[in-house]
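Okay, here's what each chain looks like letter by letter:
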Amino acid sequence: MERKLNAELWDKMHYLFRDFNDRMVHVELEYDYDINIRALKTVLICFFEKCPVFHSSFTDNHVRPYWTVNRYNIDEVLTVKDIDEKDKREEVDAFLTQCLPTDGELQMKACVFRYNGKSTLCIIENHMCMDGGDFKYFLKALCKNYNDYIANGTSPLDLRQGSRSYKTIYKDLSANDKKAAESLYRNINKKDDHRFPLSESSKEDSSFIARKVIPAEKFVKIRTEGKKYGATINDMLMAAYFYSLYELAGFDRSESVSISCAVDLRRHVKDTENMGVTNHTAWMQCKIPELGRDIFETLQYSIRSANQFKQDKYLGLYGLPLLSLGYKIMPHAASEEIIKIGYSNPYIAMSNIGILEVDKLALEGHEPVGGFMSGAVKYKPYVLLSATSMRNELTLSMCVRGNDEDKKTVSKFFDLMEKNIDVLIGDGQ
Amino acid sequence: MKNIIDYIDAAFDSEQERESIYKFKQNLVAELTDRANELTHSGLDDENVIYDLIVSEHPDIKEEYKEEQRELKAKKRKSHTAVLRVIGSVLYFIAAAVIYLGISFLTDAWNRTWVFITGAVLVYVTYLMFLSIGALTKRRSVFHPLSRILLALNIFIYATIIFLVLTVIFSVKGAWLVYIFAVLAMMTADGIYAEKAAERFAIFFHIAYIVPAAAMFYIILSALNIIPWHPGWIMIPASLIIVLAVIMIRISIHNKDKELEETEDDSEWKEN
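Just so you know, these numbers come straight off a predicted model, no measurement behind them.

### Focus on the overall build of chain B
Argument step 1. The number of helices and strands found in chain B is 10 helices and zero strands.
Argument step 2. Taken from the N to the C terminus, the helices and strands of chain B come in the order α-α-α-α-α-α-α-α-α-α.
Argument step 3. In terms of C-alpha radius of gyration, chain B reaches 31 Å, well past the compact-globule figure of 19 Å for 272 residues.
Argument step 4. Projected onto the principal axes, the alpha-carbon positions of chain B cover approximately 90 × 75 × 35 Å.
Argument step 5. For chain B, contacts bridging at least 24 residues in sequence account for 55% of all contacts bridging at least 6.

Here it is, written out as structure tokens:
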């Protein structure tokens, strides 16, 4: 008998975002050792069985969309490729920039590239299934289960299962807070027409992932120097982002610009144990009134803006009840149209995915030697800067569907980011 | 497969073999064998993992058995209820027809006794509607507006029955007032339903119904000569005071909740 799963609010919202991005979340982890493919396949099958949304296809039913669970074979999920090390970048990028269709049989695919006794594990998954926060958890669980399976033969079944509903973020709020949060109908994010200076969209555009690695010694300084100004790493990156953006796009110094920053709504949850893997991400719209006289004043503006949000105990919870109501009272096709009118997807955004903990991502004691995670490939004029760190090395990445000119623009943007970070940490002029 | 059979058998070790248990075990073995085949087809070749995965999906087989028994009982009860309803309905209509014909032949007042059979049919319609309201209320809140419409229709039907009885049997002149009462009853019932079904905007319905309810009261009281038409109409604008009072009470409850919440937060802070 066909098994169906309920399409949750965030599944539908990320489906709606198909006009703005390719919905794929990407990860690349490099290991100095040969991954045990049989063990990896076993773990992946168990995880797919524990979380059937990964092998389901999304049906865009006009009244009520749903997931249909499909049968699959692990060889369709995991590909193993023996390659030349010199081709690695090209092969990895070709794998990472593919897009899994929502009505396809699988919503997650993995590939192990093997070369000179080393392996690179790449995974892409549909953002409708889970966000970066849960993807990080998924990867850590994958590595732990893989290790336990190889070491003790323990069956790899230790993956969180539970509700994928957006409502689980209210579960640990006090009764009054919950009541208040469930009444936050207004959308506090305002439309900002400032755009990242990319070229016009064209049919020839193709997806690419641009990366910039900020070395460990600089990343450590970002943290230590930031503390002097009362700034978090996020604030420091945001200030550099703002400053680089004004320089790159040539915005007038007196113009107020905003950058939306992803907020993990799990901050409202004390115990995530019984929550299924899903999306719990919202935007906080950081806004500076003008470009500061120097980057340090811009940093102060960023801190002030972020702190305003952080002081709000309902951070990120605004507008959720309205979205839920919209989907509840109208058929899906109608609610999508109405939500599209009211929802303004940010043109410029940042997602600080955070640390990729090497000890927790180690396979049989082999810690990853490199890697990053990034959000979806955005369609112009939308952009998302993803930031992850590993071994104190910061990787900035931007996934764009564009052309060579856009590649140059993004590369120039990364150079500006590095230059401005240098100034912030006292390494620049 | 032997492992899985052992696992199922072990769950019923302390139970005496009954037909229901035997059937359940037989079905479960078939189901779990299918599941194991499905996992093998997916590419899983470690039998221990297959076993552990299947066991993790069925951690409490005895409870599953009990659940199945409960479901079977509920199903049986449901089909019994359905049969009883059909028999009850047939008996009800036979009884209504017998009483109608009996009264009509005895009194020879056919021009008035038709009200009885009409009323009996309408009461049956309202019974069906009540069943639907119950079923719809249990479903998602998107169906609640439909059950509220049915509730209002029900009240309208009862008003019609009373109106027919008063007009045709007792020849009461002001029987039309029943409909005014009905509107009042509809709003009251809807307000109670909204509250009981925990409708999110229940308070707005309460507020919106106050002025029309006052207007209905005004018409009823004036028509019954309890108050004069003029200046009795003042009670309609005066009802705005009740609206204000309800709003004030609501705000004060909200503020009290907030105060309580702040106190809770403070105490948490001090404890930390």
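Okay, back to it.
### Thoughts on the overall build of chain A
Argument step 1. Looking only at helices and strands, chain A features 12 helices and 15 strands.
Argument step 2. For 429 residues, the compact-globule estimate of 2.2 N^0.38 gives 22 Å, and the C-alpha radius of gyration of chain A, at 21 Å, lies within 12% of that figure.
Argument step 3. Across its three principal directions, the C-alpha atoms of chain A cover 60 × 55 × 45 Å.
Argument step 4. Taking all 429 residues of chain A together, the buried fraction comes to 44%.
Argument step 5. The contacts of chain A with a sequence gap of at least 6 include a subset with a gap of at least 24, amounting to 76%.

### With respect to the nonpolar core
Inside soluble globular proteins, nonpolar side chains tend to come together where they are buried.
Argument step 1. In terms of nonpolar packing, the biggest core is built from 124 residues, with Y241 and F242 of chain A touching the most fellow members.
Argument step 2. The element best represented in this core is helix α8 (residues 233-249) of chain A, accounting for 10 residues.
Argument step 3. Residues in contact with Y241 of chain A, not counting those within four places in the same chain, are I259, M350, L385 and M417 of chain A.
Argument step 4. Membership of the second largest hydrophobic core comes to 13 residues, among which are V178, A182, M216 and Y218 of chain B.

### Quick notes on the confidence of the model for chain B
All names here are of chain B.
Argument step 1. On average, residues of chain B score 88 in pLDDT, and 92% of them reach the 70 mark or higher.
Argument step 2. Note that pLDDT drops below 50 for residues 264-272; the model gives that stretch one contact with residues more than four away or on any other chain.
Argument step 3. In the model output, the complex is listed with pTM 0.81 alongside ipTM 0.89.

### Section: the pairing of strand β11 (residues 348-355) of chain A
Residues and elements named next belong to chain A.
Argument step 1. Relative to β11, strand β9 (residues 257-264) runs parallel, the two sharing two bridges. Following the sheet pairing, C261 is matched in β11 by M350.
Argument step 2. Bridge analysis of β11 against strand β14 (residues 383-390) gives seven bridges, and the strand direction is parallel. Note that in β14 the partner of G354 across the bridge is T388.

### Quick look at α8 of chain A
Residues and elements named next belong to chain A.
Argument step 1. The first and last C-alpha atoms of α8 sit 24 Å apart over 17 residues, in line with the 24 Å expected at 1.5 Å per residue.
Argument step 2. Where burial is concerned, most of α8 is hidden: 12 out of the 17 residues are buried.
Argument step 3. For α8, the set of buried residues is D235, M236, L237, M238, A239, A240, Y241, F242, Y243, S244, L245 and Y246.
Argument step 4. Once α8 finishes, G250 follows within two positions and takes phi at roughly 70°, a positive value.

### Comments concerning the environment of M13 of chain A
Residue and element names in this part refer to chain A.
Argument step 1. Considering the arrangement of structural elements, one finds M13 in helix α1 (residues 9-16).
Argument step 2. Its 20 C-beta neighbours within 10 Å are what place M13 among the buried residues.
Argument step 3. Expressed as a C-alpha distance, the spacing of M13 and Y327, which sit 314 residues apart in the sequence, is 9.7 Å.

### A look at the sheet that holds strand β1 (residues 4-6) of chain A
Residues and elements named next belong to chain A.
Argument step 1. Read from one edge of the open sheet, three strands run β1-β4-β3, paired in antiparallel fashion. Whereas interior strands pair on both sides, the edge strands pair on one side only; in this sheet they are β1 and β3 (56-59). Here the strands of the sheet are splayed against their neighbours by 30° on average, with no regard to which way each runs.
Argument step 2. Note: β1 against strand β4 (residues 66-69), three bridges, orientation antiparallel. Looking across to β4, one finds that K4 is bridged to T68.

### Looking at the packing of helix α2 (residues 19-42) of chain B against helix α3 (residues 47-57) of chain B
Residue and element names in this part refer to chain B.
Argument step 1. Running from N to C, α2 and α3 cross one another at 130°; their axes reach a closest spacing of 10 Å. By the angle between their axes, α2 is oblique relative to α3. As α2 packs across α3, the resulting crossing turns out to be right-handed. Listed contacts from α3 to L32, R35, A36 and L39 of α2 are I50, L53 and I54.
Argument step 2. Classifying every residue of the contact of α2 with α3 by side-chain character gives six nonpolar, no polar and one charged.

### Quick word on unusual backbone geometry
Argument step 1. Cis geometry marks the peptide bond from K380 of chain A to P381 of chain A, where omega comes out at 10°.
Argument step 2. Mapping P381 of chain A onto the fold places it in the loop between β13 (378-379) and β14.
Argument step 3. Between H230 of chain B and P231 of chain B the backbone carries a cis peptide bond, its omega angle lying at 10°.
Argument step 4. Summarising the element assignment, P231 of chain B is placed in helix α9 (residues 229-232).
Argument step 5. One non-glycine residue, R23 of chain A, lies in positive phi territory at about 65°.
Argument step 6. Along the chain, R23 of chain A turns up in the loop between α1 and β2 (24-31).

### Some thoughts on the interface of chain A and chain B
Argument step 1. Each side of the interface is counted separately: chain A has 18 residues, and chain B has 17 residues.
Argument step 2. For the side of chain A that touches chain B, the secondary-structure elements that each account for two or more residues are α2 (37-50), α3 (74-77), α6 (175-181) and α10 (320-329) of chain A.
Argument step 3. Residue contributions to the side of chain A that touches chain B peak at five residues, all from α2 of chain A.
Argument step 4. Of the residues belonging to the side of chain A that touches chain B, the class tally is six nonpolar, six polar and six charged.

### Things to note about the sheet that holds strand β12 (residues 370-374) of chain A
Residues and elements named next belong to chain A.
Argument step 1. Reading across from one edge, β5-β6-β7-β2-β12 is the order of the five strands in this open sheet, with mixed pairing throughout. Where the open sheet ends on each side, the last strands, each with one partner, are β5 (78-82) and β12. Pairwise comparison of adjacent strand axes, ignoring direction, gives a mean angle of 10° for this sheet.
Argument step 2. As paired elements, β2 and β12 share five bridges and run antiparallel to each other. Bridged to H26 within β12 is S374.
Argument step 3. The sheet strands contacting helix α4 (residues 88-96) are β2, β5, β6 (108-115) and β7 (118-126), and the helix crosses β7 at an angle near 20°.

### With respect to the packing of helix α7 (residues 177-196) of chain B against helix α8 (residues 202-223) of chain B
Residue and element names in this part refer to chain B.
Argument step 1. Interaxial distance between α7 and α8 falls to 9 Å at its minimum, and their mutual angle equals 160°. One finds that α7 runs roughly antiparallel with respect to α8. Relative to α8, α7 is oriented so that their crossing is left-handed. Contacts between α7 and α8 involve L177, I180, F181, V183, L184, M187, D190, G191, A194 and E195 from the first element and A202, F205, H206, Y209, P212, A213, M216, I219, I220 and A223 from the second.
Argument step 2. Residue composition of the contact of α7 with α8, grouped by class: 16 nonpolar, two polar and two charged.

### Quick notes on the domain arrangement of chain A
Residues and elements named next belong to chain A.
Argument step 1. The domains assigned to chain A are domain 1 (4-152) and domain 2 (166-424).
Argument step 2. The C-alpha centroid of domain 2 is placed 22 Å from the C-alpha centroid of domain 1.
Argument step 3. At the junction of the two partners, domain 1 supplies 47 residues and domain 2 supplies 43 residues.
Argument step 4. Of all the secondary structure elements, the ones that give two or more residues to the side of domain 1 that touches domain 2 are α1, β2, α4 and α5 (132-152).
Argument step 5. The dominant element in the side of domain 1 that touches domain 2, judged by the number of residues it contributes, is α5, at 12 residues.
Argument step 6. Residue classes in the side of domain 1 that touches domain 2 are distributed as 24 nonpolar, 10 polar and 13 charged.

The rules we used
- Residues numbered from 1 in each chain as written.
- Chains lettered and ligands numbered in written order.
- Predicted model: local features only at pLDDT ≥ 70, side-chain atom pairs only at ≥ 80, totals over all residues.
- Helix = DSSP H or I, 4+ residues; strand = E, 2+ residues; numbered from the N terminus.
- Rg over C-alpha atoms; globule rule 2.2 N^0.38 Å.
- Contact = placed C-beta atoms within 7 Å.
- Buried ≥ 20, exposed ≤ 12 C-beta atoms within 10 Å, placed from the backbone.
- Core = buried A, V, L, I, M, F, W, Y, C linked by C-beta atoms within 7 Å.
- pLDDT = per-residue confidence, 0-100.
- Pairing = 2+ DSSP bridges.
- Expected span 1.5 Å × (residues − 1).
- Axes fitted to C-alpha atoms, helices over the stretch in contact; angles between N-to-C directions.
- Parallel < 35°, antiparallel > 145°, perpendicular 65-115°, else oblique.
- Left-handed = near helix turned anticlockwise from the far one by under 90°.
- Nonpolar A, V, L, I, M, F, W, Y, C, P; charged D, E, K, R; others polar.
- Domains from an automatic or database assignment.

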